[in-house]
Structures are given as C-alpha cells and as structure tokens.
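Given next are the chains, with one letter for each unit.
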Amino acid sequence: MADSAQSFIFIGLATLNIVISLDGGGVPAALTNIQLRFGLQAWQLGLLGSLVYVGQATGCLLGGPLLKRFSPTRVCRVMVCLNTAMTAMFASSQNSAWLLSTRFFIGLLQAPTSVYFPVWVDEYAPPERRTRWMALIQGGTPLGIMLGYAISGVMTLDKELGDGCHAGYIEHAGSCLSTEGWRVPFYVQSAVLVCFTIAGFFLPQKSFDLPDTVDAGLRQAQRQSRFSQQPPPSLREDASHAAEAYDETPPMIKPPQVARKPTNLDIALEKISSRITSVPHGTHNEQHSVLGRERLDSGMLVVEAAREVFSLSRRASAPVIAATGSIAATSPVE
C-alpha cells in the first residue's frame, strides 16, 4: 500500500514538473509575436528570455532555508498556487512592464519545487527504482520546454497573406503572424496548474515531507517548552557567575569561642558528678559506689540536681528578698 501511494505521488510530481516548465519553450517560440504585439526593443527581448532564470536562481537561494524552516508540503502548495496566478497574469499582460515582472516571478516560484522534488525522490523512491525515478524527475524540465515549443509554435503559426491579414494577425516578413494566439498556451498551462493546486490540498503531509520534518512542529513546541522552564539567559549568567565566585571564596574562619560564666545549673551538676565519681577506697566505699549507681538508675540523681539548683537560686535571691521585704514562697520540692 505504501509503495503504491509513493508511486502515485511520483507520477503527479513528474507530470507537474513537465507542465510547470511549458512556459520555458512557449516564450521563445512566440517571441516574434510578443515583440510585434508590444513593440519590444532588443534589450527587452533579452530580459524576457533571461528574467525567468534570474528568478530561478534567486528562488533556489531562498528555497533551501524556506523548505527547512516550514513544511515542504505547505511550501510547495503555496508556490504552485502563486505560480498558477503568475502564469495567467503573464498570458493576460497588457504592457511590457507587466510582461517582464511576471516572467521574473514565474521563475522565482518554480525554484522551490525544482529543488525539493529530487530530494523527495531520493528519500521515498524504492531502492530498485530510485535511479529511474531520479532520471524522470530531472528529465521533466527539458521535456516540458520541448512541449512548450511545439504547442506555442502551433498556436502562432504563420498564415499566408492571400488577400491580406485578418483581425488578430499582423503582417511580418511576408506572412501574417498572430498577435494574440501566443497567449493560448499559457492560459492552458495555468488551467492545468489549477488542477494540480487543488490536488495538492489532498496530498498527505506525512507522505510528502521528509521524515526529519514531519514532527518539526512537535519538536519546536518541545524546545519552546524547555526554554520557557529555564530562567532567562541573564539570570542564568548571574547564577553561574555567583557559583564561580562561591567556589573561589576562601573557607570562613570560625570566630574564637568566648568563655561564658558558669550558671547555677552548671555548678550543681558539677557537684553531683564529683559526689558520684570521687568515691574513697575500701569495702564501704564500694558499697557507696553501688548505691550511687542505683541512685542514678532510679532517677534520684534528677531530684538531687533539682534540690541543688533550688538552694543555689535561693541564696542568689536572698539579697533581693531583704531589699524588697518580700517573703519567698517555700518550694514544693523542698
């Protein structure tokens, strides 16, 4: 199924490449008729033949970045649509300025398709058909130019003078040349391009875009999401500079410890510790040491510490009581 779809797309691209190149042969074949119709000078005739190639060269320079930035399917749709309009405008030209400008834009709009079609063949053609498909795509341009010569030559056929030139013909070098018949090939070409423009809107994007551009929109959204979650570049630079400055900062020197004045609790704990640890030698002393350990285990040490703290606090507050005449309440612990 995929192979048949690719073959169908290739047939459409090869045919479009032929049709879009018809004007390359149609203009030189009708050059004399166009000159007589518009009264062009030699330098204008030179521009009429060369502006299309100037447009193609310019379009190739712009087509690469354009196809890389946007979907090739959308780019080719727009280019074919605009090329159709320019071809119709060229056929309906009423003055030399219109004639020359539309010729330039026709070449400009042909460039992206001529650039991308071989790239598509190289990517999607089956390996056993790739060389054949590439040759047919590349040969479509000269084939279209040749058909343009033939069709335009028939439409602008010389007519014998006979009893004189009829309306729509002008006498030139002993023949009657059509001054309006040269427009017909370009009208036909633009009508066929309209059909391809309509068909292009039914072309599936996943079958025409390159694999690395099918999900370009999704990847772009992911990049924007990641960028939005990051801080602005200025903040990131400030943070990096701060981190470097922090790494280069020498280690801080701790300030010297200032000796503080012992509190009543420190004095009481020191007394209790000296009572337990400083035990004299002897059997009685060993019994006393065992008693001290039992007191530690039973929680008596906490009661004794509280008693010492209370006694020290009472002695410290005795001058305050004498000065104020207040009677200190007796502590429940005592």
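Refer to the preceding data block for the structure.
Bear in mind the structure is a predicted one, so any value in this text is a computation, not a measurement. (Residues numbered from 1 in each chain as written. Predicted model: local features only at pLDDT ≥ 70, side-chain atom pairs only at ≥ 80, totals over all residues. Heavy atoms only, no water.)

Chemist: If you had to explain helix H5 (residues 72-91) to someone new, which residues and values would you point to?
Modeler: With 20 residues, H5 ought to run about 28 Å at 1.5 Å a step, and its terminal C-alpha atoms sit 28 Å apart, in line with that. Every buried residue belonging to H5 is among Pro72, Thr73, Val75, Cys76, Met79, Val80, Asn83, Thr84, Met86, Thr87, Phe90 and Ala91, and all of these are buried. (Helix = DSSP H or I, 4+ residues; strand = E, 2+ residues; numbered from the N terminus. Expected span 1.5 Å × (residues − 1). Buried < 20%, exposed > 50% of the residue type's maximum accessible area, 1.4 Å probe, protein only.)

Chemist: Just give me the short version of a nonpolar patch on the surface, but keep the residues and values in it.
Modeler: On the surface, a cluster of nonpolar side chains totalling about 610 Å² of accessible area is made up of Leu143, Met146, Leu147, Ile151, Met155, Val184, Val188 and Val192. Where the nonpolar patch is concerned, the elements lending two or more residues are helix H7 (130-155) and helix H8 (183-200). Per-element tally for the nonpolar patch: the top contributor is H7, with 5 residues. With respect to the helices, strands and loops of the structure, Val188 is situated in helix H8. (Patch = residues over 30% accessible without salt bridge, like charges linked within 9 Å, V, L, I, M, F, W, Y side chains within 5 Å. Areas by Shrake-Rupley, 256 points an atom, 1.4 Å probe, with all protein chains shown as cover. Salt bridge = Lys/Arg side-chain N within 4 Å of Asp/Glu carboxyl O.)

Chemist: Could you give an account of helix H2 (residues 22-29), naming the residues involved and the relevant values?
Modeler: A large share of H2 lies buried, amounting to 6 of its 8 residues. For H2, the complete set of buried residues consists of Leu22, Asp23, Gly24, Gly25, Gly26 and Val27.

Chemist: Account for the pattern of salt bridges, naming residues and giving values.
Modeler: What the rule picks out here adds up to 1 salt bridge. Between Arg103 and Asp23 there is a salt bridge, and its shortest N-O distance comes to 2.5 Å. Remark: Asp23 occurs in helix H2 and Arg103 occurs in helix H6 (residues 96-124); sequence separation between them is 80 residues. Each member of the pair, Arg103 as well as Asp23, carries the same accessibility label: buried.

Chemist: How would you summarise the packing of aromatic side chains if you had to cite specific residues and measurements?
Modeler: All told, the structure shown has 10 aromatic pairs when counted by the stated rule. On the basis of an interplanar angle of 5° and a centroid distance of 4.3 Å, the ring pair of Phe10 and Trp133 is categorised as stacked. Highlighted residues: Phe10 in helix H1 (residues 2-19) and Trp133 in helix H7, separated in sequence by 123 residues. Each member of the pair, Phe10 together with Trp133, is buried. Ring centres of Phe90 and Phe186 lie 4.9 Å apart, and the angle between their planes is 75°; this geometry places the pair in the edge-to-face category. (Phe/Tyr/Trp six-rings, centres within 6.5 Å; stacked < 30°, edge-to-face > 60°.)

Chemist: Give me the lowdown on the environment of Ile170, citing residues and values where you can.
Modeler: Tracing the backbone shows Ile170 in strand S2 (residues 169-172). For the pair Ile170 and Arg37, spaced 133 residues apart in sequence, the C-alpha separation works out to 8.8 Å.

Chemist: I'd like a description of the side chain of Ser7, backed by residues and values.
Modeler: As for its position among the elements, Ser7 is in helix H1. Residue classification places Ser7 among the buried positions, given a relative accessible area of 18%. Reaching out from Ser7, the side chain makes a polar contact with the side chain of Arg129 at a distance of 3.3 Å. Those residues within four positions of Ser7 in sequence are excluded, and the remaining contacts are Arg129 and Trp133. (Polar contact = N/O pair within 3.5 Å; in protein donor to acceptor, adjacent residues only side chain to side chain. Contact = heavy atoms within 4.5 Å.)

Chemist: An account of the nonpolar core is needed here, citing residue identities and associated values.
Modeler: Most often, soluble globular proteins keep nonpolar side chains buried together rather than apart. Residues Ile34, Leu48, Phe90, Leu99, Trp120, Trp182 and Phe208 are the most contacted members of the largest nonpolar core, which totals 41 residues. For this core, the secondary-structure elements that each account for two or more residues are H1, H2, helix H3 (31-38), helix H4 (42-69), H5, H6, H7 and H8. Top element by residues in this core is H6. It accounts for 9 residues. Not counting residues up to four positions away in its chain, the partners in contact with Phe208 are Ile9, Leu13, Pro72, Thr73, Cys76, Tyr116, Phe117, Trp120, Tyr124 and Leu203. (Core = buried A, V, L, I, M, F, W, Y, C linked by side-chain atoms within 4.5 Å.)

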